[in-house]
Amino acid sequence: MIHAEPFTVTLKDVWTIARNSSHSKTNVRVTLQRDGIVGYGEAAPNVRYGETAELTCEHIRRVAEAVERLDWRCFRQVKAVLDTHIVGQSCAKAAVDIAVMDWAAKRMGVPLYRLFGLDPAQTPITSFSIGIDTPERVQEKTRQAAAYPILKIKLGSPGDRELITAVRRVTDKPIRVDANEGWTDKEQAVRTIAWLQAQNVAFIEQPMPAAMLDETAWLRQRVELPLVADEAVLTAADIPALAGVYDGVNIKLMKAGGLQEAVAMIHTARAAGLKVMLGCMIESSVAIAAAAHISPLADWADLDGNLLIGDDPFVGVGVIDGKLTLNDQPGLGVGARERI
Ligand code: MG
């Protein structure tokens, strides 16, 4: 049985990036039930890609019958059905794929990382993201993020330099910057990135709009900091064209359409000589845990979506001194948070 329903979570703080601002998020939870085993999945619809919770549920209901007919231990067949039946709304695919992988690993009695042959001790340290805000609030959030050794600062607004200056007044820990396509003037982007390098920033995520590939290639020749594609990459098919323009790719389960495509993307990126970052949307512990299970394959992790939520309905993946920690329960190792 396949069930999909929207659920809304509240963010600890108003979340602002170059594109938009929000204080709550409506995602879709998926459950697959068979043989007394429940597999959990989650979709985090993103307006950037024309996704909504309603459309996501609609797509999942439409594909349910075809998925029901399959042996879920053969999860590659499920991916093939999802790829055939769902065009766009990749987060809907991701939700079903995550649920099937959780179910299959539980059915086999192993944690999900075992299915991929991975060592849970090798999970990376996740960065903690700080959204666009006033310099004072960004400084306050930086202080509150003391437990996280790496910060990701959202830029792409006119006050970029003030924000970084404010952060640097209170910490010297490594900073990664995400402009979320916010810089459209390439000459100015060169100057901004050179300045950011002097502020000890490690790399720049999606400096210019995804469609501005030629301009980004031009930029690449003029800056030293690595450039990481996010909005410019959805699935493995997008990756070859990015080699030589970007230095790495930010792979997210929601853009990829699930764990199986994300792993394919990681191998494709490696073959193209690109670094691998694993990222997320605002997601509960279900989707974050799913990404964490394959995170030993990544160079960099930004899997903090659940940490930004004040009322995560699920619990499972942990973070200790920034390092993602997985338990040894079968599947994702995620369950409903007990209400007190
Ligand atoms: Mg990004």
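Above: the structure in question.
Calculation rules
The numbers attached to residues start from 1 for each chain and follow its sequence in the written order. Local features are withheld for residues below a pLDDT of 70 in this predicted model, meaning they are given only at 70 or higher, and side-chain atom pairs are given and counted only at 80 or more; totals for whole chains, interfaces and linings count all residues. Values shown for side chains rest on all heavy atoms present in the structure; no hydrogens or waters enter the calculation. Helix axes are fitted to C-alpha atoms over the stretch in contact, other axes to C-alpha atoms as well, and angles between N-to-C directions run from 0 to 180 degrees. Numbered from the N terminus, helices here are DSSP runs of H or I no shorter than four residues, and strands are runs of E no shorter than two. For this classification, under 35 degrees means roughly parallel, over 145 means roughly antiparallel, 65 to 115 means roughly perpendicular, and everything else is oblique. Note on contacts: a residue pair qualifies if any of its non-hydrogen atoms lie within 4.5 Å across the two residues. Under the grouping applied here, Gly and all other residues not named as nonpolar or charged are polar, the nonpolar ones being Ala, Val, Leu, Ile, Met, Phe, Trp, Tyr, Cys and Pro and the charged ones Asp, Glu, Lys and Arg. Should DSSP find at least two bridges between two strands, the strands are taken to pair. For this analysis, a salt bridge means a side-chain nitrogen from Lys or Arg found within 4 Å of a carboxyl oxygen belonging to Asp or Glu. Think of it in three bands: with a 1.4 Å probe and only protein chains considered, a residue is buried below 20% of the maximum accessible area for its type, exposed above 50%, and partly exposed in between. For Phe, Tyr and Trp, where Trp contributes only its six-membered ring, two rings pair if their centres lie within 6.5 Å, and the inter-plane angle classes them as stacked under 30 degrees, edge-to-face over 60, or tilted in between. Two limits define a charge over a ring: the Lys NZ or Arg CZ must be within 6 Å of the ring centre, and within 35 degrees of the ring normal. In this description, the term disulfide denotes a pair of cysteine sulfurs within 2.5 Å.

A.B. asks: Tell me about the packing of helix H2 (residues 75–85) against helix H3 (residues 90–108), and please be specific about residues and values.
C.D. replies: Put simply, H2 and H3 touch, their axes get as near as 10 Å, and they point 170° apart. Taken together, the axes of H2 and H3 lie roughly antiparallel to each other. Along its contact with H2, which presents Phe75, Val78, Leu82 and Asp83, the element H3 presents Lys93, Val96, Asp97, Val100, Met101, Ala104 and Met108. When the residues that make up the contact of H2 with H3 are grouped by side-chain class, the tally is eight nonpolar, no polar and three charged.

A.B. asks: Explain the pairing of strand S1 (residues 2–16) to me, and be specific about the residues and the numbers.
C.D. replies: Taken together, the eleven bridges between S1 and strand S2 (residues 21–34) define a ladder with antiparallel strand orientation. Residue pairing in the sheet places Thr16 in a bridge with Ser21 of S2. Counting the residues in the hairpin turn of S1 and S2 gives four residues.

A.B. asks: Outline the pattern of salt bridges, listing residues and values.
C.D. replies: A full pass over the atoms with the stated rule returns 25 salt bridges. A salt bridge links Arg34 to Glu68, with the shortest nitrogen-to-oxygen separation between them at 3.6 Å. Of this pair, Arg34 sits in strand S2 while Glu68 sits in helix H1 (residues 53–68), placing them 34 residues apart in sequence. Glu261 is the salt-bridge partner of Lys79, the closest N and O atoms lying 3.0 Å from each other. Of this pair, Lys79 sits in helix H2 while Glu261 sits in helix H10 (residues 259–271); the two residues are 182 residues apart in sequence, bridging distant segments of the chain. The pair Lys79 / Glu261 is uniform in exposure class, with both members buried. A network of salt bridges, in which partner residues are shared, links Lys152, Lys154, Asp178, Glu205 and Asp302.

A.B. asks: Describe the packing of aromatic side chains, and please don't skip the residues or the numbers.
C.D. replies: A full pass over the atoms with the stated rule returns five aromatic pairs. Over the aromatic face of Phe7 sits the side chain of Arg29, whose NZ or CZ is 4.8 Å from the ring centroid. Between the NZ or CZ atom of Lys186 and the centre of the ring of Trp218, over which it lies, the distance is 4.5 Å.

A.B. asks: So, the environment of Leu32: which residues are in play, and what are the values?
C.D. replies: Relative to the assigned elements, Leu32 resides in strand S2. Of the residues examined, Leu32 reaches a relative accessible area of 0% and is grouped as buried. Each C-alpha atom, one on Leu32 and one on Ser22, is 30 Å from the other, the two residues being ten residues apart in sequence.

A.B. asks: Can you tell me about the sheet that holds strand S5 (residues 151–154), naming the residues and giving the values?
C.D. replies: With parallel pairing, the eight strands of this open sheet are ordered in space as S4-S5-S6-S7-S8-S9-S10-S11. Both edges of this open sheet fall to strand S4 (128–130) and strand S11 (300–301), since each of them pairs with a single strand only. Both strand S10 (residues 275–279) and S11 contribute to a ladder of two bridges, which runs parallel. The partner of Met277 across the bridge, within S11, is Trp300. Along the sheet face, helix H7 (residues 186–198) touches strand S6 (175–178), strand S7 (201–205) and strand S8 (227–229) and points at about 150° away from the line of S7.

A.B. asks: Provide a residue-level description of the state of the cysteines, including the pertinent values.
C.D. replies: Going through the model one piece at a time under the given rule, you end up with zero disulfides. Looking at the unpaired Cys57, the closest cysteine sulfur is the one in Cys91, lying at 9.3 Å. Looking at Cys57, the relative accessible area reads 2%, which means it is buried. Of the residues examined, Cys91 reaches a relative accessible area of 0% and is grouped as buried.

A.B. asks: Help me get a handle on the sheet that holds S2, residues and values and all.
C.D. replies: Strand order in the open sheet formed by three strands is S1-S2-S3, with antiparallel pairing between adjacent strands. With partners counted over all chains shown, the strands left at the sheet margins are S1 and strand S3 (37–43), one partner each. Here the strands of the sheet are splayed against their neighbours by 25° on average, with no regard to which way each runs. Across the face of the sheet, H1 comes into contact with S1, S2 and S3 while running at roughly 150° to S1.

A.B. asks: Please set out the environment of Gly156 residue by residue, giving values where relevant.
C.D. replies: Relative to the helices and strands, Gly156 resides in the loop between S5 and helix H6 (160–170). Note on Gly156: relative accessible area 18%, which makes it buried. Spatially, the C-alpha atoms of Gly156 and Asp178 are 7.8 Å apart, while their sequence positions differ by 22 residues.

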